[in-house]
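Observations on chain architecture
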Amino acid sequence: MIGARLQSWELRHPLSCLNVVVYLREVVWAQFFSTCTHKIFLHVCKNSGVHLYADYSQLHLSYAPGNIEEAFLRINSDLERISQWLHDNGLKLNVRKCTVIHLAPHNLVEALSDRGMRVTIGGESLAVCDSVKTLGVVLDRDFTFSNHVSYTIQRAIGRLRGLYRFRDLLPESARLQFMQAFVFSVFYYCYPAYGNSISKGDEERIQKLQN
């Protein structure tokens, strides 16, 4: 059973965060990227923060609403430098796999669309998403984590169905251990990051499945 955790997040508006998730699809160069890309991207990206994971990179930039134009110029500039570096080194970025999420109030996101503000690479606009998955956690633009709760519930139900066929073959103690290892662990994963941010309704959804 998941209990209360002593951790909280504070969202301070009007500061907003724009994240660009970039997928690098050159499988042949995977070893090269794993050892060198972080340092290269830190050198290339002059304005954005950079996070690199197994098979994709994430750029993020925080800005105040009054600096929207400057923020888009800065992150587009970094993306163009990345695109140019990849081109110069014989690599290609799969623009169709690149996405943008605006972590900002709904009215600000609508204002961006109305003003025609776009994140681009090589003249191509990147798709804007309402949620993205980062290291197994579904992050939505409002930080409700409701999509992540739905995602974890679906995973847990799938594992329960897999275990159900062995219900008569295992003693109760073994069944409890399997539940802890394969079902509850789905909810435990990164729980301190999202547990205190979910709504009462999402808490009840998790509790209902656990019961």
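Attention in this report is confined to the structure presented alongside it. Please read all numbers here as calculations on a predicted model, not as lab measurements. As a convention, each chain's residues are numbered from 1 in the sequence order in which they are written. Where local features are concerned, this predicted model is filtered to residues with pLDDT of at least 70; where side-chain atom pairs are given and counted, the filter is 80 or more; whole-chain, interface and lining totals use all residues. As a rule here, side-chain values cover all heavy atoms of the structure and leave hydrogens and water aside.

**A closer look at the packing of aromatic side chains**
Put simply, two rings from Phe, Tyr or Trp (the six-membered ring, in Trp's case) pair if the centres are within 6.5 Å, and we call them stacked under 30 degrees between planes, edge-to-face over 60, tilted for the rest. Summed over the entire model, instances satisfying the criterion amount to 5 aromatic pairs. Centre to centre, the rings of F178 and F182 are 5.6 Å apart; their planes meet at 15 degrees, and the pair counts as stacked. In this pair, F178 and F182 both sit in helix α5 (residues 172–188), 4 residues apart, roughly one turn of the helix. Aromatic pair Y191 and Y194: ring centres 5.3 Å apart, planes at 75 degrees, arrangement edge-to-face. Placement of the pair is Y191 and Y194 together in helix α6 (residues 191–194), with a separation of 3 residues, close to one helical turn. No difference in accessibility class separates Y191 from Y194, as the two residues are buried. By the ring-pair criterion, three or more aromatic residues cluster together here, those being F143, F145, Y191 and Y194. For a lysine, the NZ atom is tested; for an arginine, the CZ atom; a charge sits over a ring if that atom is within 6 Å of the ring centre and within 35 degrees of the ring normal. Positioned over the ring face of Y164 is R167, at 3.9 Å from the centre of the ring. Here a helix means four or more residues in a row that DSSP labels H or I, a strand means two or more in a row labelled E, and each is numbered from the N terminus. Here's how the labels work: a residue is buried when its accessible area is under 20% of the maximum for its type, exposed when over 50%, partly exposed in between, all with a 1.4 Å probe on protein chains only.

**So, the pattern of salt bridges**
The term salt bridge refers to a pairing of a side-chain nitrogen on Lys or Arg with a carboxyl oxygen on Asp or Glu at a separation within 4 Å. For the coordinates displayed, the defined rule picks out 4 salt bridges. For D202, the salt bridge is made with R205, and the minimal N-O distance between the two is 2.7 Å. Residue D202 and its partner R205 are located together in helix α7 (residues 200–210), separated by 3 residues, close to a single helical turn.

**Side note on the pairing of strand β8 (residues 131–134)**
Taken residue by residue, a regular strand's side chains alternate between the two faces of the sheet. Going residue by residue along β8, you find V132 and T134 tucked away on one face and S131 and K133 left uncovered on the opposite face. Paired strands, as defined in this entry, are two strands with at least two bridges between them according to DSSP. Note: β8 against strand β9 (residues 137–140), 4 bridges, orientation antiparallel. Note that in β9 the partner of K133 across the bridge is V138. With antiparallel pairing between neighbouring strands as the criterion, β8 and β9 make up a hairpin whose turn holds 2 residues, including L135 at a positive phi of roughly 50 degrees.

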